[in-house]
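Residue-level listing of the chains:
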Amino acid sequence: MGSLFSRQSAPLLGIDISSSSVKLVELGRDKAGTLVLERCAIEPLERGWITDGNIEKFDEVAEALRRVVKKSGTKTKNVALALPSSAVITKRITLPGGMTEQELEVQVESEANQYIPFSLDEVSLDFCVIGPSKNAPGDVEVLIAASRKEKVQDRQGLAEAAGLKPIVVDVESHAARLAAGRLIEALPNSGVDAVVALFEVGALTTSMQVLRNDDVLYDRDQAFGGAQLTQLIVRQYGFSQEEAESKKRNGDLPEDYQSAVLRPFVDSMAQEVARALQFFFSSTPYNRVDHIMLAGGSAPLPGLTEAVTQHTGSACSAINPFEGMEIGGAVRLKKMVREAPSYLTSCGLAMRRFLQ
């Protein structure tokens, strides 16, 4: 009987497909229940293959997905993928408690009709019960999520074309929150009541979520990202787009790069973060954040966390979603530490293995 109780949930890959790269994470647990990072890998994508979350070059992205799986060395086929928040409509509703799963389904469909601007035949719809309603005893809070069927099918089709089996389709911002939740719990007082601003700096867009306990107080996307640094390198030194991107990744840049390009970019990025927070303060009753967490490929840029603290007055750190985990033998530690902030969403997707 013992083996039944210690049975692991089936292995699952978390795969995050952004406009600039495909990121893969596989997690396990050791006997003590500690999370173990078994594998992680990144494969860059060329600009234009994915635009605004839409897959423009299906075969090329599927090929990159095959490469990242091969590079990671995993044998796991089950995957959790995510859609960008812009492709998903989410709504919290309150329903009477004590309903059966089928009664809930009927109720959710009739409620969903009010919030979704498409016919229900055209959407993939899902829901989950979050817990008892805070305001109405006996009722439950339910989260509805809906996306156009073709968006979901595109992601599923990519996985299948790479020989994988899509098990979960999540929302990028939810997966990022799940992974960030572990790190928030490591803050003083276990992060209780702390107001945390989570910034994910992508290639073209920076998404911001302000979190307190389990609530999202505010979220917004800004058209600003790491690709702007690549553009500055192109302009300053006359490299091609590809050269600039690769030199940026490898740190193989001219001597005056720090002063002429990097420092001004870091400064303007810190200003963008400060501006985003001002929007949050002016549209909510809040006037401070306790901690700023930076994720994404540009998060570990030298001097960025210090510049953000200087511009905002709030403590700031670049996020390592694998902090506090055991690191498996297949992981190249130095490379992982350098790239860790890029893995926030894929780590959250991989954590879905333990929430099934």
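As the structure is a computational prediction, the values presented were derived from the model and not from experiment. (Residues numbered from 1 in each chain as written. Predicted model: local features only at pLDDT ≥ 70, side-chain atom pairs only at ≥ 80, totals over all residues. Heavy atoms only, no water.)

### Some words on the overall build of the protein
At step 1: Looking only at helices and strands, the protein has 11 helices and 16 strands in total.
At step 2: Here the C-alpha coordinates of the protein stretch approximately 65 × 50 × 45 Å along the principal axes.
At step 3: Within the protein, the proportion of its 356 residues that are buried is 45%.
At step 4: In the protein, of all internal contacts separated by at least 6 residues, the share reaching a separation of at least 24 is 64%.
At step 5: Accessible area of the protein: about 18,100 Å², with a carbon and sulfur share of 48%.
At step 6: Of the side-chain charges in the protein, 38 are positive and 46 negative, and the distance between the mean point of each set is 5 Å. (Helix = DSSP H or I, 4+ residues; strand = E, 2+ residues; numbered from the N terminus. Buried < 20%, exposed > 50% of the residue type's maximum accessible area, 1.4 Å probe, protein only. Contact = heavy atoms within 4.5 Å. Areas by Shrake-Rupley, 256 points an atom, 1.4 Å probe, with all protein chains shown as cover. Lys, Arg positive; Asp, Glu negative; His and termini not counted. Charge placed at Lys NZ, Arg CZ, Asp CG, Glu CD.)

### Things to note about the confidence of the model for the protein
At step 1: Per-residue confidence for the protein gives a mean pLDDT of 92; residues scoring 70 or more make up 97%.
At step 2: Per-element mean pLDDT across the protein ranges from 39 in helix H1 (residues 2-5) up to 98 in strand S14 (residues 291-295).
At step 3: Across residues 1-7, where pLDDT falls below 50, the model places 0 contacts with residues more than four positions away in sequence or in other chains. (pLDDT = per-residue confidence, 0-100.)

### Things to note about the side chain of threonine 345
At step 1: Along the polypeptide, threonine 345 turns up in helix H11 (residues 344-351).
At step 2: The exposure class of threonine 345 is buried, given its relative accessible area of 3%.
At step 3: For threonine 345, the contacting residues outside a window of four places in its chain are Asp16, Glu172, Ala175, Ala176 and Glu200.

### Focus on the pattern of salt bridges
At step 1: Overall, the coordinates contain 16 salt bridges when judged by the stated rule.
At step 2: Measuring nitrogen to oxygen at the nearest pair gives 3.7 Å for the salt bridge that ties arginine 39 to glutamate 26. Placement of the pair is arginine 39 in strand S3 (residues 35-44) and glutamate 26 in strand S2 (residues 21-29), with a sequence separation of 13 residues.
At step 3: One network of salt bridges, with partners in common, ties together Glu43, Arg67 and Lys71. (Salt bridge = Lys/Arg side-chain N within 4 Å of Asp/Glu carboxyl O.)

### Side note on the sheet that holds S14
At step 1: Taken in spatial order, the 5 strands of this open sheet run S13-S12-S11-S14-S15, and their pairing is mixed. A single partner strand is all that each edge strand has here, and the edge strands are strand S13 (215-222) and strand S15 (315-318). Averaged over neighbouring strand pairs, the angle between their axes works out to 15° when direction is ignored.
At step 2: Against the sheet, helix H9 (residues 304-312) contacts S14 and S15, and its axis sits at roughly 160° relative to S15. (Pairing = 2+ DSSP bridges. Axes fitted to C-alpha atoms, helices over the stretch in contact; angles between N-to-C directions.)

### As for the packing of aromatic side chains
At step 1: With the rule as written, the count across this model stands at 6 aromatic pairs.
At step 2: Their ring planes at 50° and their centres at 5.5 Å tell us that tyrosine 218 and phenylalanine 280 sit as a pair that is tilted. Taken as a pair, tyrosine 218 in strand S13 and phenylalanine 280 in helix H8 (residues 257-283) lie far apart in primary sequence, 62 residues in all. Judged on exposure class, the residue tyrosine 218 and its partner phenylalanine 280 are both buried.
At step 3: Their ring planes at 35° and their centres at 5.8 Å tell us that tyrosine 237 and phenylalanine 239 sit as a pair that is tilted.
At step 4: Of the residues examined, phenylalanine 239 reaches a relative accessible area of 17% and is grouped as buried.
At step 5: Its end group placed over the ring of phenylalanine 354, arginine 29 keeps NZ or CZ at 4.4 Å from the ring centre. (Phe/Tyr/Trp six-rings, centres within 6.5 Å; stacked < 30°, edge-to-face > 60°. Lys NZ or Arg CZ within 6 Å of the ring centre and 35° of its normal.)

### Observations concerning the pairing of strand S6 (residues 78-83)
At step 1: Counting buried positions along S6 gives 5 out of 6 residues, so the element sits mostly inside the fold.
At step 2: For strand S1 (residues 13-17) and S6, the ladder comprises 2 bridges, and the chain directions are parallel. Each residue of the ladder has a partner; that of glycine 14, found in S6, is alanine 80.

### What about the nonpolar core?
At step 1: The biggest cluster of nonpolar side chains holds 34 residues, and the ones touching the most others in it are Phe199, Leu277 and Ile292.
At step 2: Put simply, the parts of the chain that give this core at least two residues each are strand S11 (195-201), strand S12 (206-212), helix H6 (227-237), H8, S14 and H9.
At step 3: At 12 residues, the largest contribution of residues to this core is made by H8.
At step 4: Among residues more than four places away in sequence, those in contact with isoleucine 292 are Ala197, Phe199, Val273, Leu277, Val308, Thr312, Ser314, Ala315, Cys316 and Ser317.
At step 5: Formed by 29 residues, the second largest nonpolar core is a distinct cluster that contains Ala176, Leu183, Leu187 and Met351. (Core = buried A, V, L, I, M, F, W, Y, C linked by side-chain atoms within 4.5 Å.)

### Quick look at the pairing of S1
At step 1: Burial of S1 is extensive: 5 of the 5 residues sit out of reach of the surface.
At step 2: Here S1 shows a buried face lined by Leu13, Ile15 and Ile17 and a second buried face lined by Gly14 and Asp16.
At step 3: Two elements, S1 and S2, share 5 bridges in a ladder whose sense is antiparallel. Across the sheet, leucine 13 pairs through a bridge with glutamate 26, a residue of S2.
At step 4: Counted along the chain from S1 to the antiparallel partner S2, the turn is 3 residues long.

### Overview of a nonpolar patch on the surface
At step 1: A contiguous nonpolar patch, built from Ile327, Leu333 and Val337 and spanning about 250 Å² of accessible area, is present on the exposed surface.
At step 2: Here valine 337 lies in helix H10 (residues 333-339). (Patch = residues over 30% accessible without salt bridge, like charges linked within 9 Å, V, L, I, M, F, W, Y side chains within 5 Å.)

### Let's talk about a negative patch on the surface
At step 1: A surface patch of like charges, here negative, comprises Glu46, Asp59, Glu60, Glu242 and Glu243.
At step 2: Among the elements of the structure, helix H2 (58-72) and helix H7 (241-250) are those that each provide at least two residues to the negative patch.
At step 3: Inspection of the secondary structure puts aspartate 59 in helix H2.

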